[in-house]
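Per-entry structural report
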Amino acid sequence: MTKEEIKKTIVEAIYEIAPEHEGEEIPEKENLQESLEIDSYDFLNLLTALAEKPGVEVPEEDYGKVDTLEHMVDYFAERIK
Amino acid sequence: MIYKMPSLGADMESGILAEWKAKEGDTLKKGDVIADIETSKGVIEGEVYEDGKVEKIVAKEGVEYPVGTPLAVIRTEKDDDATIKKEIEETIAALSAPSGKEAQPQQEEEAMKTETAAESSASASEVPKSAAEEIFGTPAKAESRAEGERKPEVPVRVRATPLAKKRARELGVDLEELARKVHGKISAKDVEEAAKRMQQKGAVPSASKPDPMRMAIAAAMSRSNAEIPHYYLSTPINMTRALEWLRELNAKRSIKERILPAALMIRAVVKALQAVPELNGFWKEGPIVSPEIHPGIAIARRQGGLITPALIDAHEKNLDETMKALTDLIERTRGGKLTSSQMTRQTITITNLGDLGVEKVYGVIYPPQVALVGFGRIMERPWAEGDAIAVRKVVEASIAGDHRATDGRTGALFLAKLEKLLQKPEDLQ
């Protein structure tokens, strides 16, 4: 998967768990939970969806590395290869 | 037995019968869903409270009916033919008179008659009256009747996406007005176009309409503040051990089985309530302690606002089951599909505004409950341990108690127990 494809998958997963943001531009460098007003339950749901596709499980200690869209894309890009 | 429009909380006046989930001839068991009911809090699954066969469905889908209106007749074991015949007649009579949103203002008087008929048959009623309603009655109903002008001339059913509702509030677009023009579900784009048209016409956008749910909550909370003498207590709890334990537990699990700190905290509250049961129950002319623990969990809806549906039988659940039930509750709240039991059986409220980043929560008790437990955000704070100061993960736990039922000492005992339980997370499994 290219970085572009990973980003697309993540954004689609975000629309899925927070449909009120559907069609909106997701800020790249802002904390996802804060900017999208999603709680820890939603965040876990997002990571669960991404564990299926692109298929990487994010352990809890890495939550800090997936706090923004940009970081999340990088995180998955590094582990998919 | 007559199935009536249920009261799903002290603040509910009426509901739209969205869809019948059972048909005539179906056999239902206690707890089965007979109809989907749309309220200001979303779609609720209306359950039956006795076993029986659906004898006659009278109410129409898509129509709004006041609480207590007969909707269908269910034959239970103890009903004979004469009773059923009488009940069917009664239901048809109640519904043939115009009522609810289909009523025209000049027919108000007849609508009131309908309601009286509905009330007089209250003895045969299986309407799950919320405990709150038993205490406060339904003053909201009387008020709205007195106002009168709240009924629009030609009512329409508004169907809009959550984003459309949000945009409508922001832009001051009247969704009911728009629903007359738009066929099908209103989208955010429809709202934005309507706002543009308003601007072009030079119309001044009206102040955005108050959200009906916001108003319903406000009404219940005003009564709470007026009638319940609240006391407030709070204490910081060191969560370092609990979170470390949870981290180790979750590391061994797949992502689908992970436990959120919220579930651990709910579990701790439930165990603390078993030690201090006086806070779990109601005030009905006197204190009533509930043997079962059904905490109402404050959950934010996507459309805005909070609902506090009950996590039923929390006292019988271990940590995994609590997390599962919490997941189900959040999904149902956000997907708009709670059950009538979840809407009416709360024995205490737990609110966790942690994700919004506040440090402390001082809640308002939801009557007739006698207590509310609040959690702030888990924060890193300086923490004294022995002679040293260390940085620890700390949560501020608070309790709002009803002074008629308990006093500060009860609340303090509860918080002390809660604190102790969270220091030994392995016992919360």
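A brief look at the structure comes next. (Residues numbered from 1 in each chain as written. Chains lettered and ligands numbered in written order. Predicted model: local features only at pLDDT ≥ 70, side-chain atom pairs only at ≥ 80, totals over all residues. Heavy atoms only, no water.)

Right, let's talk about the overall build of chain A for a bit. Of the regular secondary structure elements, chain A holds four helices and zero strands. Mapped from its N terminus to its C terminus, chain A presents α and β elements in the order α-α-α-α. Taking 2.2 N^0.38 as the reference for a compact globule, 81 residues should give roughly 12 Å; the C-alpha atoms of chain A span a radius of gyration of 11 Å, in line with that estimate. Taken over the C-alpha atoms alone, chain A extends approximately 30 × 25 × 20 Å along its principal axes. Sorting the 81 residues of chain A into buried and exposed places 46% on the buried side. Considering only contacts within chain A whose residues lie at least 6 apart along the sequence, 54% involve residues at least 24 apart. Between the centroid of the 8 positive side chains of chain A and the centroid of its 23 negative side chains there is a distance of 10 Å. (Helix = DSSP H or I, 4+ residues; strand = E, 2+ residues; numbered from the N terminus. Rg over C-alpha atoms; globule rule 2.2 N^0.38 Å. Buried < 20%, exposed > 50% of the residue type's maximum accessible area, 1.4 Å probe, protein only. Contact = heavy atoms within 4.5 Å. Lys, Arg positive; Asp, Glu negative; His and termini not counted. Charge placed at Lys NZ, Arg CZ, Asp CG, Glu CD.)

What follows concerns the overall build of chain B. Looking only at helices and strands, chain B has 13 helices and 19 strands in total. The 429 residues of chain B split such that 49% are buried. When contacts within chain B are restricted to residue pairs at least 6 apart in sequence, long-range pairs at least 24 apart make up 66% of them.

Residue and element names in this part refer to chain B. As summarised here, the arrangement of the five strands in space is 7-2-4-5-15, forming an open sheet in which the pairing is mixed. Of all the strands in the sheet, just strand 7 (63-66) and strand 15 (338-339) have a single pairing partner and so form its edges. In the sheet, strand 2 (residues 14-20) pairs with strand 7 via four bridges, with the strands oriented antiparallel. When the bridges of strand 7 are listed, Leu17 appears paired with Val63. (Pairing = 2+ DSSP bridges.)

Membership of the largest hydrophobic core comes to 107 residues, with the highest contact counts inside it found for Met72 of chain A together with Trp20, Ile34, Phe414 and Leu418 of chain B. With residues up to four places along the chain from it excluded, the contact list for Met72 of chain A reads Ile10, Leu32, Phe43, Leu46, Leu47, Leu50, Lys65 and Val66 of chain A. If you look at the next biggest cluster of nonpolar residues, it comprises twelve residues, including Ala160, Leu175, Leu178 and Ala194 of chain B. (Core = buried A, V, L, I, M, F, W, Y, C linked by side-chain atoms within 4.5 Å.)

Frequently, the measure chosen for interface size is the accessible area that the parts lose on association. Taken residue by residue, the interface counts 22 residues in chain A and 17 residues in chain B. Interface area for chain A against chain B, summed over the two sides, is near 1700 Å², with a carbon-plus-sulfur share of 51%. Of all residues in chain A, Glu20, Tyr41 and Glu60 of chain A bury the most surface against chain B, accounting for 38% of the area lost on that side. Where chain A touches chain B, the interface holds four salt bridges. Across the pair Asp39 of chain A and Arg334 of chain B runs a salt bridge whose closest N-O atoms are separated by 2.6 Å. Remark: the boundary between chain A and chain B carries eight residue pairs in polar contact (both at pLDDT 80 or more). Of all the elements, helix 3 (residues 40-52) of chain A adds the most residues to the side of chain A that touches chain B, at eight residues. (Buried area = accessible area lost by both parts, 1.4 Å probe. Salt bridge = Lys/Arg side-chain N within 4 Å of Asp/Glu carboxyl O. Polar contact = N/O pair within 3.5 Å; in protein donor to acceptor, adjacent residues only side chain to side chain.)

Here we come to the packing of aromatic side chains. Evaluated as defined, the whole model comprises three aromatic pairs over all chains. Where Tyr75 of chain A meets Phe76 of chain A, the ring centres are 6.0 Å apart and the plane angle is 80 degrees; that geometry is what we call edge-to-face. Side by side, Tyr75 of chain A and Phe76 of chain A carry an identical accessibility label, which is buried. Aromatic pair Tyr232 of chain B and Tyr362 of chain B: ring centres 5.8 Å apart, planes at 75 degrees, arrangement edge-to-face. Linking Tyr232 of chain B in strand 9 (residues 230-238) with Tyr362 of chain B in the loop between strand 16 (348-352) and strand 17 (371-375), this pair joins segments that are 130 residues apart in sequence. Residue classification places Tyr232 of chain B among the partly exposed positions, given a relative accessible area of 37%. (Phe/Tyr/Trp six-rings, centres within 6.5 Å; stacked < 30°, edge-to-face > 60°.)

On to helix 9 (residues 240-251) of chain B. The first and last C-alpha atoms of helix 9 of chain B sit 16 Å apart over twelve residues, in line with the 16 Å expected at 1.5 Å per residue. Where the residues of helix 9 of chain B are buried, they touch helix 10 (261-275), helix 11 (319-335), strand 19 (388-402) and helix 13 (408-423) of chain B. (Expected span 1.5 Å × (residues − 1).)

On to the pairing of strand 8 (residues 70-75) of chain B. All names here are of chain B. Counting buried residues along strand 8, five of its six residues qualify, which places the element largely inside the surrounding structure. Where strand 6 (residues 52-57) lies against strand 8, four bridges are found, and the strand directions are antiparallel. Directly across from Lys56, in strand 8, lies its bridge partner Val73.

This brings us to the pairing of strand 5 (residues 42-47) of chain B. Residue and element names in this part refer to chain B. Most of strand 5 sits inside the fold, with five of its six residues counted as buried. Two elements, strand 4 (residues 33-39) and strand 5, share six bridges in a ladder whose sense is antiparallel. By the bridge assignment for strand 5, Val33 is matched with Glu47. Hairpin connection between strand 4 and strand 5: a loop of two residues separates the two successive antiparallel strands. In this structure, strand 5 lies alongside strand 15, joined through two bridges in parallel fashion.

Residue and element names in this part refer to chain B. For the structure shown, the criterion picks out 30 salt bridges over all chains. Across the pair Asp320 and Arg253 runs a salt bridge whose closest N-O atoms are separated by 2.8 Å. Linking Asp320 in helix 11 with Arg253 in the loop between helix 9 and helix 10, this pair joins segments that are 67 residues apart in sequence. In this structure Asp320 comes out as partly exposed when scored by relative accessible area, which is 39%. Shared partners join several salt bridges into a network, and the residues in it are Glu19, Lys21, Asp36 and Lys337.

Attention now moves to helix 3 of chain A. End to end, helix 3 of chain A covers 19 Å across 13 residues, agreeing with the expected 18 Å (1.5 Å per residue, within 8%). The set of residues buried in helix 3 of chain A consists of Tyr41, Asp42, Phe43, Leu44, Leu46, Leu47, Thr48, Leu50 and Ala51 of chain A. Along its buried surface, helix 3 of chain A packs onto helix 1 (3-17), helix 2 (32-35) and helix 4 (69-80) of chain A together with helix 11 of chain B.

What follows concerns the sheet that holds strand 1 (residues 2-4) of chain B. Read from one edge to the other, the open sheet built from four strands follows the order 1-8-6-3 (chain B), with strand pairing classed as antiparallel. Each of the sheet's edge strands pairs with one partner strand only, and the pair in question is strand 1 and strand 3 (27-28) of chain B.

Any functional reading would require information beyond the geometric quantities listed.
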